[in-house]
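# Coordinates in review
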Amino acid sequence: MTNTSTRKVLVRPATRADFDALIGEPLPHRVRAVAAERDGKLVAVGGLAFQPDDTVAAFLILAPGERGAKGFKLALHKAGLRMMADARRLGIRRVVATAEPNNPAAEPWLARLGFERAGTDNHSAWIWRSTR
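What you see is a predicted model, and the numbers here were worked out from it, not measured in a lab.

## Observations concerning unusual backbone geometry
A positive phi is found at D39, a non-glycine position, where the angle reads about 55°. With respect to the helices and strands, D39 occurs in the loop between β3 (30-38) and β4 (41-50). Notably, D54 is not glycine yet its phi reads approximately 75°, a positive angle.

What follows is the structure, given as structure tokens:
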């Protein structure tokens, strides 16, 4: 992946330091992720997590103090689309995600990325399937 800048947002491959800054503990799974910086400050990390049971999960972690993606929605959406294109290119056939319950933008965003709801409760999973 190449570095992509959208206005004041830089989307680049995530590093261990990015995860250390946001979650402060070792990663529980192997990941393929990007980080978003605004004005030199880490604002989010997201991507794909490869779990031991062969499940591939999509995730997004916003930096503490960030109230949603205001100001960098387009950059995050483009990064999300690129991550799903990478999943397709890598031959990943299925990716799961959950929508943050208190974020009204979460479900519409997952739908725009190509995920479909797989359940009816508030904590339902969303599934993306490769069209290949």
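Now that the structure has been shown, the text picks up again.
## As for the environment of L27
Its location among the elements puts L27 in the loop between α1 (16-23) and β3. Take L27: its relative accessible area is 37%, and that puts it in the partly exposed class. For L27 and A49, which are 22 residues apart along the polypeptide, the C-alpha to C-alpha distance reads 9.4 Å.

## Considering the packing of aromatic side chains
Tallying each qualifying case throughout the model produces one aromatic pair. Ring geometry for F19 against F59: centres 6.1 Å apart, planes inclined by 50°, an arrangement best described as tilted. In this pair, F19 is assigned in helix α1 and F59 in strand β5 (residues 56-62), connecting sequence segments 40 residues apart. F59 sits in the partly exposed class, given a relative accessible area of 22%.

Definitions and cut-offs
Residues numbered from 1 in each chain as written. Predicted model: local features only at pLDDT ≥ 70, side-chain atom pairs only at ≥ 80, totals over all residues. Heavy atoms only, no water. Helix = DSSP H or I, 4+ residues; strand = E, 2+ residues; numbered from the N terminus. Buried < 20%, exposed > 50% of the residue type's maximum accessible area, 1.4 Å probe, protein only. Phe/Tyr/Trp six-rings, centres within 6.5 Å; stacked < 30°, edge-to-face > 60°.

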